[in-house]
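Inside the fold
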Amino acid sequence: MKKNYMFNRFFLISLITAIFLALPLQHTMAKPSQTVTVLPFIVNADKDMDYVKKGISRMFYSRLSWPDRVEVISPDKITAFQDELTDLPEDKLVKAASEKTESQYVLLGSITQLAGSFSIDARVYDIENKRYMSFFEQSKESDDLIERVDRIAATINQRVFDRSTVTWEKMEQEKKAYLNDLKRKNPEHLMKMPPGWQPEEEVGWKVWKYLF
């Protein structure tokens, strides 16, 4: 009986010791926070849409921020050195922004007005791996821009950071419903894609041609 008691006590002490020893190792192996710089989008429109530019930066800041996983540089911090990046070609712009903020990723893009509708183009640059990923959405009116930017943010979260959001789940449900509806229609409609949807091969990473 005494022998069993001593064995159980030794086992318990060994287990507790092993747990405490593993804690620092577990902390070391934890995935470090990734840093993202969101540069102000270029707006090509026939009217003043500066409020849209500011709103988009704030939207990406709030939607891409992920505690302990993804840190997005504050838009106010970007504004502080924005003048230094003026007129730089895109490759130098991305490099300079990454260096100033010590970011692993840089997000930039543009919004272009076309006959009353808007196209939204965005690119995420992975600095360390020298690659980028493109994203695209279309909006029929300015009031629809917030929702479309939200969808781009959701896609970036999923494709780049492997993070599922409510918006992403909603998009997946819409896609399944749309494809199921196509199956019930004539074959000539099967190749059509909803506005803003990109084939899987177009959403993946592409090699950055400016390998600085």
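The structure contained in this document is the topic of the report that follows. (Residues numbered from 1 in each chain as written. Predicted model: local features only at pLDDT ≥ 70, side-chain atom pairs only at ≥ 80, totals over all residues. Heavy atoms only, no water.)

Regarding its fold elements, the protein chain presents seven helices and seven strands. In sequence order, the secondary structure elements of the protein chain are arranged as α-β-β-α-β-α-α-β-β-β-α-α-α-β. Each of the 212 residues in the protein chain was classed as buried or not, and the buried ones make up 36%. In the protein chain, 58% of the contacts between residues at least 6 apart in sequence involve partners at least 24 apart. (Helix = DSSP H or I, 4+ residues; strand = E, 2+ residues; numbered from the N terminus. Buried < 20%, exposed > 50% of the residue type's maximum accessible area, 1.4 Å probe, protein only. Contact = heavy atoms within 4.5 Å.)

Okay, the pairing of strand S4 (residues 105–114) next. For S4, the tally of buried residues reaches eight of ten residues, placing the bulk of the element in the interior. One ladder, built from three bridges, connects strand S1 (residues 34–38) with S4; its direction is parallel. Each residue of the ladder has a partner; that of Val 38, found in S4, is Leu 107. Where S4 and strand S5 (residues 117–126) come together, ten bridges link them in antiparallel fashion. Within the sheet, the bridge partner assigned to Ile 111 lies in S5 and is Ile 120. (Pairing = 2+ DSSP bridges.)

The analysis is restricted to geometry; functional conclusions fall outside its scope.
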